[in-house]
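Understanding the architecture of this molecule
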Amino acid sequence: MSEKNEPEVERILQAYGDMLYRTAYVLLGNPHDVQDALQETLLRYLEKAPAFMSSAHEKAWLLRVTANCCKDCLRFRKRHTYMDLEPLRECLPAQEHPHLQELYALPAKWKTVLMLYYFEGYSVKEIGEILGLSESAVKKRLQRAREALRLEMEE
């Protein structure tokens, strides 16, 4: 990264860093993969240098790219052997939300809509635009995710 890009990266991290980290962590559940996904997101941002109509558009673009980087990481995991460090999750410090462990157990497509809806405050329509889904598909994923999360929490 060149010195001329540092202020832009710092601005992005100040404005959206926590949100992007939370999103990637819920999707990947591994801090090392999260760092890789966020680095890839920032690289794509710097390479593409997109022009945004508003800060909301910029935020949505960053969320979409982060989610895509996480999907790439998950796809890579499926194709390559790796050591599952899930059992070590209990060693991580307690999270700010008490039921995040149950959320980790859900499939990525459900975690994504739950994160965007409940943690980031996006509407169904906005989530559909971010993920390239119809509103009915987002509603269905939210419904299935809530049901799966409810069953997970009952156990």
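Quick caveat, the model's predicted, so the values are computed rather than measured. For every chain, the first residue of its written sequence is number 1, and the numbers climb from 1 along that sequence. Only residues with pLDDT of 70 or above have their local features reported here, since the model is predicted, and side-chain atom pairs are shown and tallied only from 80 upward, although totals for entire chains, interfaces and linings are computed over all residues. To obtain the side-chain values, all non-hydrogen atoms of the structure were used and water was disregarded.

Moving on, we come to the confidence of the model for the chain. Per-residue confidence from the predictor is given as pLDDT, running between 0 and 100. The predicted model of the chain averages 82 in pLDDT, with 83% of residues at 70 or higher. In this text, helices come from DSSP runs of H or I with a minimum length of four residues, and strands from runs of E with a minimum of two, each type numbered from the N-terminal end. Summarising per-element confidence for the chain, the mean pLDDT is lowest in helix α4 (residues 100–104) (70) and highest in helix α2 (residues 31–48) (90).

To continue, consider the pattern of salt bridges. Think of a salt bridge as a Lys or Arg side-chain nitrogen and an Asp or Glu carboxyl oxygen that are within 4 Å of each other. Applying the stated criterion to the full structure yields 7 salt bridges. Between Asp72 and Arg44 there is a salt bridge whose closest N-O contact spans 3.2 Å. Here Asp72 is found in helix α3 (residues 55–79), whereas its partner Arg44 is found in helix α2, with 28 residues between them in sequence. Classification of residues uses two cut-offs on accessible area relative to the type maximum, computed with a 1.4 Å probe and protein chains only: under 20% is buried, over 50% is exposed, and between them is partly exposed. Using a relative accessible area of 24% as the deciding quantity, one classes Arg44 as partly exposed. Between Arg75 and Asp72 there is a salt bridge whose closest N-O contact spans 2.9 Å. You can see Arg75 and its partner Asp72 sitting in helix α3, 3 residues apart, about one turn around the helix. For Arg75, a relative accessible area of 41% gives the class partly exposed. What emerges from the salt-bridge pattern is a single network uniting Glu40, Arg44, Asp72 and Arg75.

Each pair of packed helices gets described by two things: the angle between the helix axes and the distance between those axes. Packing of α2 against α3 brings their axes to within 9 Å, and their N-to-C directions diverge by 130°. When the axis of α2 is compared with that of α3, the two are oblique. As α2 packs across α3, the resulting crossing turns out to be right-handed. The residues of α3 that touch α2, namely those facing Asp33, Ala37, Leu38, Glu40, Thr41, Arg44, Tyr45 and Lys48, are Glu58, Trp61, Leu62, Val65, Thr66, Asn68, Cys69, Cys70, Asp72, Cys73 and Arg77. Asp, Glu, Lys and Arg are counted as charged, while Ala, Val, Leu, Ile, Met, Phe, Trp, Tyr, Cys and Pro are counted as nonpolar; the rest, among them Gly, fall into the polar class. Looking at the contact of α2 with α3, its residues break down into 9 nonpolar, 3 polar and 7 charged. Here an axis means a line fitted to C-alpha atoms, over the contact stretch when the element is a helix, while the angle between two N-to-C directions is reported on a 0 to 180 degree scale. When describing relative orientation, an angle under 35 degrees is termed roughly parallel and one over 145 degrees roughly antiparallel, while 65 to 115 degrees is termed roughly perpendicular and anything else oblique. We call a crossing left-handed when the near helix sits turned anticlockwise from the far one by less than a right angle, and right-handed when that turn is clockwise. When checking whether two residues touch, look at their non-hydrogen atoms; a contact exists if any pair is within 4.5 Å.

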